[in-house]
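# A closer look at the structure
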Amino acid sequence: MNAKLPNRPRGDRSGRFAGKLVLVLLDNRDGPAIRNGRSLWAVQRALEYRTGEGDELIVVPPGFVTDLASVPRFVWSFYPPDGPWAKAAIIHDFLYFTHGTGVWHDEVGITRGRPYSRKEADDILKEAMADRQVGRWERFVIWASVRLGGAGGWGK
């Protein structure tokens, strides 16, 4: 899969995401698949996101595994992992997991000619949350949290 820009006119206000988010909860023999206390989900249909002016496309391929928003359990009542920021969090997880390259299982999921930096990935998270109508305060708290605590997850 090489990411290709969708055929959309410039100025299209239908949002930066294309398609519905379809996930499946992962299981193993003993119960749900869990990493660091969070349930794991697999993307079932490609999730597409156009950045900035729409000149770059990020495509999270089917099969990619995510824990949605990596929010500490003690704040789940305010910021649940599956909140309105879930699509943005999956794009962010994909960029973090691939160290900004978009390369996953020998396929390239970005149209940009060079990798995204960690800061760019964090800024895309913030931009994507705005696209999903997440409030300014929530966007700031989530973005600031990943800027402060996300370095350990970059490229893992």
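I will try to describe carefully the structure that is included in this document. (Residues numbered from 1 in each chain as written. Predicted model: local features only at pLDDT ≥ 70, side-chain atom pairs only at ≥ 80, totals over all residues. Heavy atoms only, no water.)

Right, let's get into the pattern of salt bridges. If you walk through the whole model with that rule in mind, you get five salt bridges. With a closest N to O distance of 3.0 Å, Arg112 and Glu120 form a salt bridge. Under the relative-accessibility criterion, Arg112 is labelled buried at 11%. Between Arg147 and Asp122 there is a salt bridge, with its nearest N and O atoms 2.7 Å apart. Placement of Arg147 in helix α3 (residues 136-149) and of Asp122 in helix α2 (residues 118-131) is noted, with a sequence separation of 25 residues between them. Exposure remark for Arg147: the relative accessible area of 27% places this residue in the partly exposed category. A single salt-bridge network, built from bridges that share partners, covers Glu56, Arg112 and Glu120. (Salt bridge = Lys/Arg side-chain N within 4 Å of Asp/Glu carboxyl O. Buried < 20%, exposed > 50% of the residue type's maximum accessible area, 1.4 Å probe, protein only. Helix = DSSP H or I, 4+ residues; strand = E, 2+ residues; numbered from the N terminus.)

We now examine the nonpolar core. Among the nonpolar cores identified, the biggest contains 30 residues, and Ile58, Val60, Trp85, Ile91, Leu95, Ile124 and Met129 are the most heavily contacted of them. Going through the elements one at a time, β8 (47-51), β9 (56-60), α1 (86-97), α2 and α3 are the ones with two or more residues in this core. With seven residues, α1 is the largest single contributor of residues to this core. Residue contacts for Ile58: discarding those within four places in its chain leaves Leu47, Glu48, Tyr49, Thr51, Ile91, Phe94, Leu95, Gly109, Ile110, Tyr116 and Ile124. (Core = buried A, V, L, I, M, F, W, Y, C linked by side-chain atoms within 4.5 Å. Contact = heavy atoms within 4.5 Å.)

The next point concerns the side chain of Thr51. Here Thr51 shows up in strand β8. The class of Thr51 is buried, set by a relative accessible area of 6%. Once residues lying within four places of it in the same chain are set aside, the contact partners of Thr51 are Arg16, Glu56, Ile58, Tyr116, Ile124 and Glu127.

This part covers the sheet that holds strand β10 (residues 65-66). The strand order β2-β7-β10 describes an open sheet built from three strands, whose pairing is antiparallel. What marks the edges here is a single partner per strand, and that holds for β2 (23-25) and β10. One ladder, built from two bridges, connects strand β7 (residues 41-43) with β10; its direction is antiparallel. In the sheet register, Ala42 faces β10, and the bridge partner there is Val65. (Pairing = 2+ DSSP bridges.)

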